[in-house]
Amino acid sequence: LQAMSGNEQDWLALRPQEPSPSQCCGSGCKPCIYDVYEKELAQWERAKAMQDKSLLVGKKEQSNNSELNPDTFTAFSVSSVEQLTEDTYQYKFELPGNSSLRLSLGQHIVLRGVVNGLEVQRAYTPISPGNAEGYFEVLIKCYEAGLMSQYIKTWKRGDVVFWRGPFGGFPYRPNKHGELLMLASGTGLAPMIPILQSITDDEEDETFVTLVGCFPTFDKIYLKPLLQDLARYWNIRIFYVLSQETSLEKLPWSYQENTYTGRLNEDLMKTIINSCRRKPFVLICGSSAFNEDMSRYLKASGIEENSCFVF
């Protein structure tokens, strides 16, 4: 077997590395990290065949021009960290000048973290309006054993973090649906917030909204002041379903009439759908188990699949 020539070794060193499964956030991004890899591999093969390394110059892993981009990671710095509940934080990131991410509604962005030498990627939905200028905010729940959570918990003001995107989103159009029924569990609230705000900010938009937020306890409801503000609009109703509360007596009276204890089950779903003012179009966001349960209850309540969108 002949030894590899120096030239061959040079080319091997330049070959793009195949992503590991931990690097795929599993949210169906386009391009997925694997698509980016395929593209870079094809570029590398072309350059190698022509023995021309200058053809690889276009390969950039991250950029610093602070424009969000689906193909490459961009650096953003953390401008504030606010703890909302024992395990959930709101992070604010700086955008240069008064630029904005220009996200469409409910779009997510992908975070890259390196933990113990392992690269991990996860998708999060900013809760700030898509046209917010000079900043964006993300709601993140940290898990005790989560790889990404260990990285996120170290963040402090001034730290630089890498994001790419945007991806996905719900193609919302004002007044297209008579009523939106939003079913959100925990941080699944995130993609609902920009949609709610776009409806309340638009005087011409007369869409009714019923938001059902599922949390373990009253203390674990995120963004209460914001939700209370939104619920003051004539066309917005907010219900809470608290799986670990047993009685409503300890809750502030303003919450008692629109809060249910226990889980959001098929019967409660039927009750909520029957209280909707128009036939609802349903948006769902939570864990995969939550999403499956909700889809099942909706089907049992006579809501067709083409009247649902799962984030």
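Remember, it's a predicted structure, so these values are computed and weren't measured experimentally.

What counts, and where the lines are drawn
Residues numbered from 1 in each chain as written. Predicted model: local features only at pLDDT ≥ 70, side-chain atom pairs only at ≥ 80, totals over all residues. Heavy atoms only, no water. Axes fitted to C-alpha atoms, helices over the stretch in contact; angles between N-to-C directions. Helix = DSSP H or I, 4+ residues; strand = E, 2+ residues; numbered from the N terminus. Parallel < 35°, antiparallel > 145°, perpendicular 65-115°, else oblique. Left-handed = near helix turned anticlockwise from the far one by under 90°. Contact = heavy atoms within 4.5 Å. Nonpolar A, V, L, I, M, F, W, Y, C, P; charged D, E, K, R; others polar. Expected span 1.5 Å × (residues − 1). Buried < 20%, exposed > 50% of the residue type's maximum accessible area, 1.4 Å probe, protein only. Arc of directions from axis to C-beta. Pairing = 2+ DSSP bridges. UniProt positions renumbered as here; feature names shortened; annotations may be inferred. 1 Å grid on protein atoms, 1.4 Å probe; cavity = no way out; pocket = protein on both sides within 12 Å on 5 of 7 lines; lining within 4 Å. Points joined across faces, edges and corners; volume = space filled by probe spheres on them. Domains from an automatic or database assignment.

1. A look at the packing of helix 7 (residues 266-275) against helix 8 (residues 288-300)
Helices that pack against each other are described as a pair by the angle of their axes relative to one another and the distance between those axes.
And then number 1: Two elements in contact, helix 7 and helix 8, have axes whose closest approach is 9 Å; the angle formed by their N-to-C orientations is 60°. Judged by the inter-axis angle, helix 7 sits oblique to helix 8. In the packing of helix 7 onto helix 8, the handedness of the crossing is right-handed. Judged by residue contacts, E266, M269, K270 and I273 of helix 7 engage M294, Y297, L298 and A300 from helix 8.
And then number 2: Grouping the constituent residues of the contact of helix 7 with helix 8 by class yields 6 nonpolar, no polar and 2 charged.

2. Some remarks on helix 2 (residues 33-49)
And then number 1: Between its first and last C-alpha atoms helix 2 spans 24 Å; for 17 residues at 1.5 Å apiece the expected length is 24 Å, and the two agree.
And then number 2: For helix 2, the complete set of buried residues consists of I33, V36, Y37, E40, L41, Q43, W44 and A47. Mapping the buried residues of helix 2 onto a view down its axis gives an arc of 165°, with all of them on the same face. Those residues of helix 2 that are exposed and angled more than 90 degrees off the buried face are K39, R46 and A49.
And then number 3: Buried positions along helix 2 lie against helix 1 (6-14), strand 5 (118-124) and strand 7 (160-167).
And then number 4: After helix 2 finishes, the residue Q51 shows a positive phi value of roughly 50°.

3. Structural notes on the pairing of strand 3 (residues 88-94)
Taken residue by residue, a regular strand's side chains alternate between the two faces of the sheet.
And then number 1: Along strand 3, 5 of the 7 residues are buried, which leaves the element largely enclosed by surrounding structure.
And then number 2: For strand 2 (residues 73-85) and strand 3, the ladder comprises 6 bridges, and the chain directions are antiparallel. Considered in strand 3, the bridge of V81 is made with Y91.
And then number 3: Counted along the chain from strand 2 to the antiparallel partner strand 3, the turn is 2 residues long.

4. With respect to the sheet that holds strand 11 (residues 259-261)
Sheets are built from strands paired through backbone hydrogen bonds, the pairs being either parallel or antiparallel.
And then number 1: Read across the open sheet, the 6 strands follow the order 11-10-9-8-12-13; overall the sheet is parallel. Looking at which strands have only one partner, the edges of the open sheet turn out to be strand 11 and strand 13 (308-310). In this sheet, neighbouring strand axes are inclined to one another by 15° on average, regardless of whether the strands run parallel or antiparallel.
And then number 2: Across 7 bridges, the pairing between strand 8 (residues 179-185) and strand 9 (residues 208-215) is parallel. The residue bridging A184 from the neighbouring strand is G213, located in strand 9.
And then number 3: Strands strand 8, strand 9, strand 10 (236-242) and strand 12 (280-285) of the sheet are contacted by helix 4 (residues 192-201), whose axis makes an angle of about 150° with strand 8.
And then number 4: Set on the sheet, helix 7 makes contact with strand 8, strand 9, strand 10 and strand 11; between it and strand 10 the angle comes to about 170°.

5. Examining the UniProt feature "binding site: FAD" (unreviewed entry) in the protein
And then number 1: Listed under "binding site: FAD" (unreviewed entry) in the UniProt record, and renumbered for this structure, are R122, Y124, L139, K141, M148 and S149. Their sequence span is 28 residues, while the largest C-alpha to C-alpha distance among them is just 13.9 Å; these annotated residues converge on one region. From the set just named, the residues that line the largest pocket comprise R122, Y124, L139, K141, M148 and S149.
And then number 2: The topology assignment puts L139 in strand 6 (residues 135-141).
And then number 3: Sequence-distant contacts of L139, that is, excluding residues within four places in its chain, are made with L84, T88, Y89, Y124, I127, T187, Y222 and L223.

6. Structural notes on the packing of helix 1 against helix 2
And then number 1: One can describe the packing of helix 1 onto helix 2 by two numbers: an axis separation of 10 Å at closest approach and a directional angle of 165°. When the axis of helix 1 is compared with that of helix 2, the two are roughly antiparallel. Handedness of the helix 1/helix 2 crossing: right-handed. Together, E8, W11, L12 and L14 of helix 1 and W44, A47 and K48 of helix 2 make up the contact between the two elements.
And then number 2: The residue makeup of the contact of helix 1 with helix 2, split by class, is 5 nonpolar, no polar and 2 charged.

7. Examining the layout of surface pockets
And then number 1: By volume, the largest pocket amounts to about 1300 Å³.
And then number 2: Lining the largest pocket are 49 residues, with S185, T187, G188, G286 and S287 sitting closest to its centre.
And then number 3: Every element with two or more residues in the lining of the largest pocket is listed here: strand 5, strand 6, helix 3 (147-152), strand 9, helix 8 and strand 13.
And then number 4: Ranked by the residues each element gives to the lining of the largest pocket, the list is headed by helix 8, at 6 residues.
And then number 5: Split by domain, the residues of the lining of the largest pocket number at least three in each of domain 1 (74-167) and domain 2 (179-310).

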